[in-house]
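Single-letter residue listing:
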Amino acid sequence: MKIALLGYGRMGKVIERIALERGHEIVLRKNAEDTFDGLENADVAIDFSIPDAAVENISACLNNNVPVVSGTTGWLEHYHNMVELCEQKQGAFIYGSNFSLGVNIFFELNTHLAKMMSNLKQYKVSMNEIHHLQKLDAPSGTAISLANDIIANSDYSSWALENAKEDEIHIDAIREEGIPGTHSVFYDSEVDSIEIKHTAHSREGFAFGAVVAAEWLYGKKGIYTMKDVLGL
Ligand SMILES: NC(=O)C1=CN([C@@H]2O[C@H](COP(=O)(O)OP(=O)(O)OC[C@H]3O[C@@H](n4cnc5c(N)ncnc54)[C@H](OP(=O)(O)O)[C@@H]3O)[C@@H](O)[C@H]2O)C=CC1
Ligand SMILES: O=C(O)C1=N[C@H](C(=O)O)C[C@H](O)C1
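Let us look at the structure shown here.

The rules behind these values
- Residues numbered from 1 in each chain as written.
- Chains lettered and ligands numbered in written order.
- Predicted model: local features only at pLDDT ≥ 70, side-chain atom pairs only at ≥ 80, totals over all residues.
- Heavy atoms only, no water.
- Pairing = 2+ DSSP bridges.
- Helix = DSSP H or I, 4+ residues; strand = E, 2+ residues; numbered from the N terminus.
- Axes fitted to C-alpha atoms, helices over the stretch in contact; angles between N-to-C directions.
- Near = heavy atom within 4 Å.
- Polar contact = N/O pair within 3.5 Å; in protein donor to acceptor, adjacent residues only side chain to side chain.
- Areas by Shrake-Rupley, 256 points an atom, 1.4 Å probe, with all protein chains shown as cover.
- Nonpolar A, V, L, I, M, F, W, Y, C, P; charged D, E, K, R; others polar.

1. Topic: the sheet that holds strand E5 (residues 92-95)
- Strand order in the open sheet formed by six strands is E2-E1-E3-E4-E5-E11, with parallel pairing between adjacent strands. Of all strands in the sheet, those with a lone pairing partner are strand E2 (25-30) and strand E11 (222-224), marking the two edges. For this sheet the average axis-to-axis angle between neighbouring strands, irrespective of direction, equals 15°.
- Relative to strand E4 (residues 68-70), strand E3 (residues 44-47) is paired through three bridges, and the arrangement is parallel.

Structure, rendered in structure tokens:
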């Protein structure tokens, strides 16, 4: 496949290496100062850019009839606009807060645990996410996905970074040098604690998942998630 990389930073470069290893060709490497020239030649685009650029990048793909996989986080308030545009253009679009296989299994585990814990009111839920110092958004997209899955299966109504109310899930967003991405969900009662945790050891898993998602999306129409890609 001919792949356009929208965002050629830490993730874009790992995605490029994996895509080349899998026999694909890179037809565009776009950063902030670059144009979309070459996008029209792409079979699929992979957007790992910055929160402020994601909507423009995804829109450019949908308007040019290029299927697009986006892993950029921190722009989700506009997600419904991209869904509408994709429907209008009869395009193909996947957004994933986290493309790693391990995290997508962790999402399933988190939902299952939330269902089991929903009637056990003695347990209070909280979460933390730890990422490198360069990360622009907080909490992480993955933490928001985890929180939303708990909210959908419990009496919690939202999440908060600070001063969480009784019906809000507190998320602690921690920034430390060099951490690719660690997420934990805690259930604490007076007598014990349950904790589930996913630790990424590098960006390899995110990038591999994004390339697999792009291969899966090629030739399809519609709006999908990693759950569809992985058949979970
Ligand atoms: N879903 C997932 O599995 C994962 C998601 N992420 C998310 O992916 C995103 C990128 O992460 P990461 O690679 O670490 O970040 P980087 O900061 O390393 O890379 C972002 C890149 O985007 C470029 N950029 C800025 N503006 C634009 C624009 N208008 N169009 C295209 N590119 C642009 C930057 O270029 P310049 O230097 O010119 O500004 C930079 O090279 C983040 O939102 C992060 O949260 C990260 C890992 C996994
Ligand atoms: O910015 C990152 O690095 C990461 N971002 C994603 C997120 O916000 O959840 C995924 C991963 O944790 C790495």
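Structure's up, so let's keep going.
2. Points about the site of ligand 1
- The immediate surroundings of ligand 1 are formed by 23 residues, with Arg 10, Met 11, Asn 31, Thr 73 and Phe 99 found nearest.
- For ligand 1, an oxygen atom lies 2.6 Å from a polar atom in the side chain of Thr 73.
- Within the backbone of Gly 96, an N or O atom sits 3.0 Å from a nitrogen atom of ligand 1.
- Coverage of ligand 1 by the protein chains reaches 79% of its 930 Å² of free accessible surface.
- Looking at side-chain class alone, the shell around ligand 1 contains eight nonpolar, 11 polar and four charged residues.

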